[in-house]
Each structure stands twice: as C-alpha cells, then as structure tokens.
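Structural features, examined
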Amino acid sequence: MARVTRSSSKNVVYRIVKRTLDLVGAVVGLVFSLPLFLVISMLYLFGDNKGPVFFKQKRIGQNGKPFYIYKFRSMIVDAEEVLKSNSSLYNKYLINNYKLEPKEDPRITRIGCFLRKTSLDELPQLINVLKGEMSLVGPRPVVIEELKEYGNKQELFLSARPGLTGYWQACGRSEIEYPERCNIELYYVKHQSFKFDVKIIIKTFFSVIKKRGAY
C-alpha cells in the first residue's frame, strides 16, 4: 500500500510541476517568438498564401475532450474541402497514414512548405499549451479518424495531455507510420517522467535542425 501511495504522490507532483513548466515555457516561448509571429504574419498579405494567418483543426485531447489546435496556415484556404473533393487523392491520404507527399499535395503553398520543413508552422500551439489543452511534451493530438488506429488502447492514449512535441516527433515524425506510431506514443504514456521529457525535447531539437520527418 505504501508503494502505491508513493507512486501516486510522485505522479501528482509530476503533473503539477509539468503544468507549471508548461505555463512558463509557453509564456517565454511566445514572448521570444513574437518577432517571428509578426514576420510570418506579413507573408499572408499577398500571393497564393493570402488569407487567414492561422489554421485551426479539431483534434481529440486528454480524456477524449475535443479542442482546436492552432498552426500557421501552410495550405490554401478551404484545404480540407479541396482534398475531400478529389476522392482518389483523399483515399490515398487515408491509406498513406493521413498524409500526402508535399509534391503531390495540392493544398500546400510554397510558403507553407517552408514553414513545415522548419517546423515554424507549429509555433502557435504555444497558445494551446497556455490554455491547458496541450503540454510541451506529450503524444501528438490526433483527428477523430486516427483514433481507430489505437484500437482497445484508445483510453490509455487519451489519458495523457497531448504535446507540442513528443516521443513520436523525436523519433522521426512522418518517417514513422501506423501501427509503429501507436507503439511509440503508448510507450511514452506508460513511461512519462521528467527525465524522459527532457530527453524528448533534446531529440526534437536535433530532429528539427536536421528537418527529419518534416512534411
């Protein structure tokens, strides 16, 4: 019983400290990235990228609660409708683990391609972290269609707060497809710790620098 109590207390401390670090990290990150926000926002005033600066999409969060994830828009306006209007391309998207090669994806703009390669499109998710919908580190939030990939492990997967980065991103992102992605995400959920989080942040940094798995 004592062992269970210590374990439970350790988990509570981890969650509290992690949330505190999330808040500090999100505020600091937003302050320091403000010049980038301003410069990137200017790019949406002209050309094929003209339109809304931000893209939001419904994702499934902790305990199954849906929320809207924020990104710098890397696609044309009404991108989802454009994809679904092409049945063969949409089927390929579903079969290919919910992604398409950039060269064959009609939704991605030239500026958007650059933002994705450098992972700058993910910066607005610091807002999601600040709101408590996401953490700095955690499983990647999925769309409702992807949940079926987790089978009877859906509840376990959704027990953790989704992350701006996570073990899947650190291991290679788009280079790792389902079902291996499920195993990686669930491994993190079962082994969450401060040490593991720091390791993931460091690995993510080098993955971003090398543009590994960026789509």
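What you see is a predicted model, and the numbers here were worked out from it, not measured in a lab. (Residues numbered from 1 in each chain as written. Predicted model: local features only at pLDDT ≥ 70, side-chain atom pairs only at ≥ 80, totals over all residues. Heavy atoms only, no water.)

Structural notes on empty space enclosed by the protein
By the definition in use, this model includes two cavities of 30 Å³ or more. Estimated volume of the largest cavity: approximately 50 Å³. Along its surface, the largest cavity is lined by Ile60, Gly61, Gln62, Pro139, Arg140, Pro141, Phe157, Leu158, Ala160 and Pro162. A breakdown of the residues in the lining of the largest cavity according to their chemical character gives seven nonpolar, two polar and one charged. (1 Å grid on protein atoms, 1.4 Å probe; cavity = no way out; pocket = protein on both sides within 12 Å on 5 of 7 lines; lining within 4 Å. Points joined across faces, edges and corners; volume = space filled by probe spheres on them. Nonpolar A, V, L, I, M, F, W, Y, C, P; charged D, E, K, R; others polar.)

Observations regarding the pairing of strand S1 (residues 54-60)
In terms of strand pairing, S1 meets strand S2 (residues 66-72) through seven bridges, oriented antiparallel. Of the residues in S2, the one forming a bridge with arginine 59 is phenylalanine 67. (Pairing = 2+ DSSP bridges. Helix = DSSP H or I, 4+ residues; strand = E, 2+ residues; numbered from the N terminus.)

Comments concerning the layout of surface pockets
Put simply, the second largest pocket is a space of about 420 Å³. Breaking the lining of the second largest pocket down by element, the ones donating at least two residues are helix H1 (2-32) and strand S3 (135-137). Counting residues per element, the lining of the second largest pocket draws most heavily on H1, at seven residues. Within the lining of the second largest pocket, the residues separate by chemical class into six nonpolar, seven polar and six charged.

A look at the environment of tyrosine 44
By the element assignment, tyrosine 44 lies in the loop between helix H2 (34-42) and S1. For the pair tyrosine 44 and glycine 172, spaced 128 residues apart in sequence, the C-alpha to C-alpha distance is 29 Å. Excluding residues within four positions of it along the chain, tyrosine 44 makes contact with Asn49, Lys50, Gly51, Pro52, Val53, Phe72, Arg73 and Leu115. (Contact = heavy atoms within 4.5 Å.)

Comments concerning the pattern of salt bridges
Taken as a whole and assessed by the stated rule, the structure comprises eight salt bridges. When the shortest N-O distance is used, the salt bridge between lysine 92 and glutamate 104 registers 2.8 Å. A residue pair is termed long-range when its members are at least 10 positions apart, and lysine 92 in helix H4 (residues 87-95) and glutamate 104 in the loop between H4 and helix H5 (110-117) qualify at 12 residues. The partly exposed category is assigned to lysine 92, whose relative accessible area is 40%. The partner of lysine 99 in a salt bridge is glutamate 177, and the shortest N-O contact between them spans 3.1 Å. Residue lysine 99 is located in the loop between H4 and H5, and its partner glutamate 177 is located in the loop between helix H8 (167-171) and helix H9 (180-190); the two are separated by 78 residues in the primary sequence. On the basis of relative accessible area, lysine 99 is assigned to the buried category, the value being 13%. When its relative accessible area of 33% is taken as the criterion, glutamate 177 is described as partly exposed. Connected via shared salt-bridge partners are Lys71, Glu122 and Arg140. (Salt bridge = Lys/Arg side-chain N within 4 Å of Asp/Glu carboxyl O. Buried < 20%, exposed > 50% of the residue type's maximum accessible area, 1.4 Å probe, protein only.)

Notes on the packing of aromatic side chains
On inspection of all chains with the given rule, the structure shows 12 aromatic pairs. Considering the side-chain rings of tyrosine 90 and tyrosine 93, the 5.9 Å spacing of their centres and the 20° angle between planes classify their relative orientation as stacked. Placement of the pair is tyrosine 90 and tyrosine 93 together in helix H4, with a separation of three residues, close to one helical turn. Among the residues examined, tyrosine 93 registers a relative accessible area of 14% and is labelled buried. (Phe/Tyr/Trp six-rings, centres within 6.5 Å; stacked < 30°, edge-to-face > 60°.)

Quick word on the nonpolar core
When a protein is soluble and globular, its nonpolar side chains tend to lie buried together. Residues Leu83, Tyr93, Leu147, Tyr150, Phe157 and Tyr178 are the most contacted members of the largest nonpolar core, which totals 15 residues. Those elements giving two or more residues to this core turn out to be H4 and H9. Per element, the largest residue contribution to this core is three residues, and it comes from H4. Those residues within four positions of tyrosine 93 in sequence are excluded, and the remaining contacts are Leu83, Tyr98, Lys99, Leu100 and Arg107. Counting residues in hydrophobic clusters, the runner-up holds 11 residues, among them Ala170, Ile176, Ile184 and Tyr188. (Core = buried A, V, L, I, M, F, W, Y, C linked by side-chain atoms within 4.5 Å.)

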